[in-house]
Amino acid sequence: MRFEHVCLEAIACTLPEEVVSSAEIEQRLAPLYQRLRLPEGRLELMTGIVERRFWSPGTMPGEISAQTAEKALRQAGIERGRVGALIHGSVCRDYLEPATACGVHRRLGLPGQCMIYDVSNACLGLLNGMVQVANMIELGQIEAGIVVGTESSRTLVENTIHRLNRDLALTREDVKTALASLTLGSGSAAVVLAHRGLSRTGTRLVGGVVQANTAFCDLCHSDRDETIGGESRPLMWTDSESLLREGVCTAKTAFARFLDTLGWQRHQIARTFCHQVGRAHQRALFAALDLDASLDYPTVHFLGNTGSVALPMTAALGLENGCVRSGDRVALLGIGSGINVVMLGVEWGCVSQGIR
């Protein structure tokens with residue numbers, strides 16, 4: 001896919017205040033560690049994640065998403081009446097219905113003719129939302145749109161700790177499938193896209209590719225959706241080693257198409273922002289893509305894996321810290337369970353700083 005008229009006007013993020021270290025999580029897992037004689041420090045050692053963040057108990061994703069989208073709108077300087085689409089793209093949402101985007105729309109005071117809905121695709125929801133908004137802009141249906149989401153990992157992490165300590169039948173091998181759940185963090189991100197005629201930045205969304213490999217859709221899955229008629233206590237099980245291997249393999253296939261579609265060469269990419277999984281994943285991905293890992297801007301060590309908001313939140317922080325210059329070609333490399341890959345290319349104009 002190629003875009004001629006789409007600009008990336010703003011990327012904003014919101015970080016939770018509560019910081020939870022991997023050491024603290026291991027302390028809470030003391031019964032499990034003692035029973036299976038697991039060495040302390042293995043969580044940080046295996047993942048490279050020192051800490052992650054949680055929202056306060058009871059925080060609703062839509063409430064935070066509205067705050068983050070407000071920051072992005074303020075940064076973009078676009079009149080609200082010109083926003084023609086609002087997509088909420090995180091896994092976490094306020095209710096099964098209505099769409100979480102509805103509450104965000106109301107809080108932002110966006111126009112009634114604005115198209116609003118939720119998109120869910122594991123760790124790629126916000127990137128999918130960006131493609132959808134870009135398509136609407138390219139077709140002339142809207143002038144500008146917002147993609148936003150908020151992920152909240154507290155309940156999943158706490159449920160996982162409870163299960164691991166309670167189930168005395170679990171073996172070391174069983175514990176491996178729960179490791180990915182313990183890496184999760186919380187956060188929020190928002191992206192504003194606009195027609196180049198409205199743009200103040202000149203930062204062009206050039207295009208990108210998607211790649212699916214659903215033969216491996218069972219490598220990471222949550223419990224069945226049983227929220228109707230009962231309380232949801234989510235858990236997630238992941239074959240982390242296989243998911244890493246097959247995800248990187250799928251990304252390698254997608255990256256060759258990405259370069260061909262955009263007409264880019266590897267050496268022309270000045271910066272990458274990637275989905276944040278762990279230290280081993282970053283090493284394997286950049287080796288497979290034959291890219292210098294120094295091009296990447298990692299945040300996983302202090303944010304954990306924040307799902308669908310990981311990549312845009314990392315980009316917002318990278319911009320805030322001045323890691324992109326005008327004229328840079330930037331690759332947004334998203335990989336999610338399913339397996340799905342979305343890769344987007346951006347040519348940076350006037351550097352707009354990410355806002356926390």
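Residues numbered from 1 in each chain as written. Predicted model: local features only at pLDDT ≥ 70, side-chain atom pairs only at ≥ 80, totals over all residues. Heavy atoms only, no water.

(A) Fine view of the packing of aromatic side chains. For the structure on display, the rule yields 3 aromatic pairs. Judged by centre distance (5.8 Å) and plane angle (20 degrees), the ring pair of Phe-255 and Phe-258 falls under stacked. On the criterion of helical spacing, the pair formed by Phe-255 and Phe-258 is a turn pair, its members being 3 residues apart in helix H10 (residues 240–262). Exposure remark for Phe-255: the relative accessible area of 0% places this residue in the buried category. Ring geometry for Phe-258 and Trp-264: centres 5.7 Å apart, planes at 80 degrees, overall edge-to-face. For the pair Phe-258 and Trp-264, a shared accessibility class is recorded, and that class is buried. (Phe/Tyr/Trp six-rings, centres within 6.5 Å; stacked < 30°, edge-to-face > 60°. Helix = DSSP H or I, 4+ residues; strand = E, 2+ residues; numbered from the N terminus. Buried < 20%, exposed > 50% of the residue type's maximum accessible area, 1.4 Å probe, protein only.)

(B) Broad picture of the pattern of salt bridges. Considering all chains together, one arrives at 11 salt bridges under this definition. For Glu-158, the salt bridge identified is with Arg-154, shortest N-O distance 3.5 Å. Within this pair, Glu-158 and its partner Arg-154 are both found in helix H7 (residues 154–166), separated by 4 residues, close to a single helical turn. Under the relative-accessibility criterion, Glu-158 is labelled partly exposed at 28%. (Salt bridge = Lys/Arg side-chain N within 4 Å of Asp/Glu carboxyl O.)

(C) Up close: the side chain of Thr-306. As for its placement among the helices and strands, Thr-306 is situated in the loop between helix H12 (300–303) and helix H13 (310–320). Side-chain polar atoms of Thr-306 contact the backbone nitrogen of Ala-310, separated by 3.3 Å. If near-sequence neighbours (up to four positions away) are discounted, Thr-306 is found in contact with Glu-151, Gly-185, Ser-186, Gly-187 and Met-313. (Polar contact = N/O pair within 3.5 Å; in protein donor to acceptor, adjacent residues only side chain to side chain. Contact = heavy atoms within 4.5 Å.)

(D) Structural context of the pairing of strand E13 (residues 340–347). Burial runs high along E13: 7 of the 8 residues are buried. In the sheet, strand E8 (residues 204–212) pairs with E13 via 8 bridges, with the strands oriented antiparallel. Bridge pairing links Leu-205 to Val-346 in E13. Sheet analysis places strand E12 (residues 329–336) next to E13, joined by 8 bridges and oriented antiparallel. Bridging across to E13, Gly-334 finds its partner in Val-342. (Pairing = 2+ DSSP bridges.)

(E) Spatial organisation of the packing of H10 against helix H11 (residues 279–289). At their nearest, the axes of H10 and H11 sit 9 Å apart, and the two run at 35 degrees to each other. With respect to the hand of their crossing, H10 and H11 are arranged in right-handed fashion. On the side of H10, the interface is formed by Leu-244, Val-248, Ala-251, Lys-252 and Phe-255, while H11 contributes Ala-280, His-281, Ala-284, Leu-285, Ala-288 and Leu-289. (Axes fitted to C-alpha atoms, helices over the stretch in contact; angles between N-to-C directions. Left-handed = near helix turned anticlockwise from the far one by under 90°.)

(F) Molecular detail of the environment of Asn-135. Among the secondary structure elements, Asn-135 is positioned in helix H6 (residues 125–138). You can call Asn-135 partly exposed: its relative accessible area is 35%.

(G) Quick look at H11. Buried residues of H11: His-281, Leu-285, Phe-286 and Leu-289, and no others. The buried side chains of H11 occupy one side of the element, clustering within an arc of 120 degrees when seen end-on. Counted as exposed and oriented over 90 degrees from the buried face of H11: Arg-283 and Ala-287. Where H11 is buried, its residues touch H10, strand E11 (269–274) and E12. Count one or two residues on from H11 and you reach Asp-290, which has phi positive near 55 degrees. (Arc of directions from axis to C-beta.)

(H) A look at the environment of Val-206. Here Val-206 lies in strand E8. Remark: the alpha-carbon pair of Val-206 and Leu-285, spanning 79 residues in sequence, is separated by 23 Å. For Val-206, the contacting residues outside a window of four places in its chain are Met-1, Arg-2, Phe-3, Leu-262, Trp-264, Gly-345 and Glu-347.

(I) Expanded view of H7. Over its 13 residues, H7 runs 18 Å from end to end, which matches the ideal 18 Å to within 8%, given 1.5 Å per residue. Residues of H7 that are buried: Arg-154, Leu-156, Val-157, Asn-159, Thr-160, Ile-161 and Leu-164. (Expected span 1.5 Å × (residues − 1).)

(J) Focus on the packing of helix H4 (residues 61–76) against helix H5 (residues 100–108). Axis separation between H4 and H5 bottoms out at 9 Å; the angle between their running directions is 50 degrees. Judged by the angle between their axes, H4 and H5 are oblique. The chirality of how H4 crosses H5 is right-handed. Listed contacts from H5 to Gly-62, Glu-63, Ser-65, Ala-66, Ala-69 and Glu-70 of H4 are Thr-100, Val-104, Arg-107 and Leu-108. Grouping the amino acids of the contact of H4 with H5 by side-chain chemistry returns 4 nonpolar, 3 polar and 3 charged. (Parallel < 35°, antiparallel > 145°, perpendicular 65-115°, else oblique. Nonpolar A, V, L, I, M, F, W, Y, C, P; charged D, E, K, R; others polar.)

(K) Spotlight on unusual backbone geometry. In this structure, the amide linkage connecting Glu-97 to the following residue, Pro-98, adopts the cis form with an omega of 0 degrees. Cis geometry is found at the peptide bond from Gly-338 to Ile-339, where omega equals -10 degrees. Turning to its location among the elements, Ile-339 is positioned in the loop between E12 and E13. In the Ramachandran plot, Arg-37 falls in the positive-phi region, its phi being about 55 degrees despite a non-glycine side chain. Secondary-structure assignment places Arg-37 in the loop between helix H2 (30–36) and helix H3 (42–47). In this model, Ala-122 sits at a positive phi of 50 degrees, which is unusual for a non-glycine residue.

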